[in-house]
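Examination of the molecular architecture
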Amino acid sequence: ASWRESPAGIGETERIVGIPRPNRIVSSSISSGLTFNRSLCERVRVTGNAEQKLMAQALMKYFPGRHVTSEMIREACISRGAPWHWAVGNGSSFQGHMVIDYAKILRIGIPGLRREIEEAMSREAPDKEPFYRSLLLYCDNMLDLCRRYADKAREMQSEEVIQSRRDELAEIAEICDNISARPPDSFREALQLFWFVFLLDGNDDPGRFDQFIYPFYRDDLENGAETAESARGLLEELWYKMQQVRA
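Cut-off values and rules
- Residues numbered from 1 in each chain as written.
- Predicted model: local features only at pLDDT ≥ 70, side-chain atom pairs only at ≥ 80, totals over all residues.
- Heavy atoms only, no water.
- Helix = DSSP H or I, 4+ residues; strand = E, 2+ residues; numbered from the N terminus.
- Buried < 20%, exposed > 50% of the residue type's maximum accessible area, 1.4 Å probe, protein only.
- Contact = heavy atoms within 4.5 Å.
- Areas by Shrake-Rupley, 256 points an atom, 1.4 Å probe, with all protein chains shown as cover.
- Axes fitted to C-alpha atoms, helices over the stretch in contact; angles between N-to-C directions.
- Left-handed = near helix turned anticlockwise from the far one by under 90°.
- Nonpolar A, V, L, I, M, F, W, Y, C, P; charged D, E, K, R; others polar.
- Parallel < 35°, antiparallel > 145°, perpendicular 65-115°, else oblique.
- pLDDT = per-residue confidence, 0-100.
- Expected span 1.5 Å × (residues − 1).

**Things to note about the overall build of the chain**
Secondary structure assignment for the chain yields 11 helices and two strands. For the chain, buried positions account for 40% of its 247 residues. Considering only contacts within the chain whose residues lie at least 6 apart along the sequence, 62% involve residues at least 24 apart. In the structure as shown, the chain presents an accessible area of about 14,400 Å², 51% of it carried by carbon and sulfur atoms.

**A look at the packing of helix α2 (residues 38-47) against helix α3 (residues 50-62)**
The contact between α2 and α3 brings their axes to 7 Å, and the two run at 145°. Seen from above, α2 lies across α3 with left-handed handedness. Residues Arg38, Cys41, Glu42, Val44, Arg45, Val46 and Thr47 of α2 touch α3, and the partners they reach there are Gln52, Lys53, Ala56, Gln57, Leu59 and Met60. A breakdown of the residues in the contact of α2 with α3 according to their chemical character gives six nonpolar, three polar and four charged.

**Here's the deal with the packing of helix α7 (residues 129-159) against helix α9 (residues 187-201)**
Where α7 meets α9, the closest approach of the two axes is 11 Å, and the angle between their N-to-C directions is 130°. The pairing of α7 with α9 is recorded here as oblique in orientation. Handedness of the crossing formed by α7 with α9: right-handed. Contacts from Tyr138, Asn141, Met142, Leu145, Cys146 and Tyr149 of α7 reach α9 at Phe196, Val197, Leu200 and Asp201. Of the residues assigned to the contact of α7 with α9, the class counts are eight nonpolar, one polar and one charged.

**Here's the deal with the confidence of the model for the chain**
Here the chain averages 83 in pLDDT, and 77% of its residues register 70 or above. The model gives residues 84-95 a pLDDT under 50, and that stretch makes 17 contacts with residues more than four places away or in other chains.

**What to know about helix α11 (residues 228-244)**
Taking 1.5 Å per residue, 17 residues should reach 24 Å; α11 reaches 25 Å between its end C-alpha atoms and fits that length. Listed in full, the buried residues belonging to α11 are Ala231, Gly233, Leu234, Glu237, Leu238, Lys241 and Met242. Elements in contact with the buried residues of α11: α9 and α10 (209-223).

**Here's the deal with helix α8 (residues 163-181)**
For α8, built from 19 residues, the straight-helix expectation of 27 Å at 1.5 Å per residue is met to within 8% by its first-to-last C-alpha distance of 27 Å. The set of residues buried in α8 consists of Arg165, Leu169, Ile172, Ala173, Ile175, Cys176, Asn178, Ile179 and Ser180. As for α8, its buried residues are in contact with α6 (102-123), α7 and α9.

Structure, rendered in structure tokens:
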């Protein structure tokens with residue numbers, strides 16, 4: 001819900017789009033445990049649509065007294081004989097972080113991932129359905145994010161007076177539309193889908209970026225869609241955005 005409520009903002013010169021980390025009603029980290037943002041939840045309960053109001057009301061009833069804190073994590077570690085630094089502290093980076101299979105997402109796209117989840121859900125017992133529905137919600141949020149940025153780019157294009165920037169905004173809209181409907185088939189599309197997934201994942205770890213992005217880079221150099229210089233410019237923009245979220 002936090003992503004659907006977050007603004008779709010595009011900078012004056014941006015070509016890779018996506019604003020990091022919207023506020024969340026419930027957030028978590030390996031060091032501080034689970035955090036419930038009561039003030040944000042109350043605001044959604046008042047200003048949200050009917051579905052959001054019901055969800056916020058349910059969260060208001062559920063979370064008080066159910067926080068998972070760093071102290072509780074510590075006690076659980078000690079009771080199981082696990083070193084405390086495995087859960088919190090300098091050692092947490094190798095225990096709490098993960099790498100998404102970006103290569104698969106770039107290969108089949110979000111619509112393809114959604115189909116795989118639906119197929120898996122159809123084979124599972126009914127009690128597993130909530131888990132699979134949560135995965136479908138993730139996919140729907142991602143598709144929604146793509147479409148909202150496409151709409152924002154078209155809105156900005158209609159108001160832009162500089163033709164070169166109008167062309168860039170039109171390309172941004174086309175790229176966001178494309179990756180909401182199919183797997184990426186260009187270097188620009190692959191970078192944009194990677195960045196959206198990276199943001200929605202919570203800015204964790206880009207993994208072997210060189211390996212899963214290289215085929216798109218190679219193909220676009222061969223077909224003339226990109227030059228080494230233009231591709232470097234896109235990578236520099238992406239790396240700057242990563243620095244903004246301290247990836």
